[in-house]
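Here is what each chain is made of, one letter per residue.
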Amino acid sequence: MLAPNDRPSWDAYFMSITELVAQRATCLRRRVGAILVRDKHIISTGYNGAPRNVSHCLEVGCLREQQNIPSGERHELCRGLHAEQNAIIQAALHGVSVDGATLYCTNSPCSICSKMLINAGIQKIYYREGYADFLGGQMLSEAGVELVQLV
């Protein structure tokens, strides 16, 4: 147990929560968790997996594995949504604006998620591990969204 003066920083606290959220993922290749935060409050969470009422890869297998599709390529050939997409959708379902929010994610966003995050008004992104999609980071940088790796 931590001593009272050994409290984690806000960034470490939120990043540790993304690890817990990722445990709900149903992807066979990678478990990803994401949370959207504004004013030190979590406004939404998301993990990667199939849409509701659709069979998960845990149940039917991974199409990407079956077709030998490398990580970071052909994102459309997957049953699942990415954690970042699910966090944005969850906020929308509950009528919560994500404009000006910060994203904490176990992985850096792909190019598709990056485009969504830019247009959703995300200002800053903290991530733990990289992702094999250089275009995402390039677009985030061009759009002025700060991308910070926390290890």
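If you're wondering where the values come from, they're calculated on a predicted model, not measured in any experiment.

A.B. asks: What is the right way to read the pairing of strand β2 (residues 41-47) from this model?
C.D. replies: For a regular strand, side-chain orientation follows a simple rule: the groups alternate between the two sheet faces. The sheet contact formed by strand β1 (residues 33-38) and β2 spans six bridges and is antiparallel. Looking at β2, one finds that A34 is bridged to G46. From the end of β1 to the start of β2, which pair antiparallel, there are two residues, and D39 there has a positive phi angle of about 55°.

A.B. asks: For this particular structure, what's the right way to read helix α1 (residues 10-22)?
C.D. replies: One turn of the α-helix equals 3.6 residues, which is why residues spaced by three or four share an orientation. Over its 13 residues, α1 runs 19 Å from end to end, which matches the ideal 18 Å to within 8%, given 1.5 Å per residue. Looking at α1, one finds that the buried residues are F14, M15, I17, T18, V21 and A22. Summarising the axial view, the buried residues of α1 lie within an arc of 155°, below the 170-degree limit, and thus occupy one face. Buried residues along α1 sit against β1, β2, β3 (102-107) and β4 (124-129).

A.B. asks: I tried to follow the environment of Q123 on my own but got confused; where do I start?
C.D. replies: Within the secondary structure, Q123 is located in the loop between α5 (111-120) and β4. Note on Q123: relative accessible area 46%, which makes it partly exposed. Residues in contact with Q123, not counting those within four places in the same chain, are G100, A101, G144, V145 and E146.

A.B. asks: Can you walk me through helix α4 (residues 83-93) in this structure?
C.D. replies: For α4, the full list of buried residues reads A83, E84, Q85, N86, A87, I88 and A91. Taken together, the buried residues of α4 touch β1, β2, β3 and α5.

A.B. asks: Where do I start with the packing of aromatic side chains in this structure?
C.D. replies: Any aromatic ring pair is given by two values, namely how distant the centres are and how the planes are angled relative to each other. Per the stated rule, a full pass over the model turns up five aromatic pairs. Measuring from ring centre to ring centre gives 5.7 Å for W10 and F14, while their planes differ by 25°; the resulting arrangement is stacked. One end of the pair, W10, and the other, F14, are both in helix α1, four residues apart, so they sit about a helical turn from each other. What links up through ring pairs into an aromatic cluster is the set W10, Y13, F14, Y104 and Y126.

Each value, and the rule that gives it
- Residues numbered from 1 in each chain as written.
- Predicted model: local features only at pLDDT ≥ 70, side-chain atom pairs only at ≥ 80, totals over all residues.
- Heavy atoms only, no water.
- Pairing = 2+ DSSP bridges.
- Helix = DSSP H or I, 4+ residues; strand = E, 2+ residues; numbered from the N terminus.
- Expected span 1.5 Å × (residues − 1).
- Buried < 20%, exposed > 50% of the residue type's maximum accessible area, 1.4 Å probe, protein only.
- Arc of directions from axis to C-beta.
- Contact = heavy atoms within 4.5 Å.
- Phe/Tyr/Trp six-rings, centres within 6.5 Å; stacked < 30°, edge-to-face > 60°.

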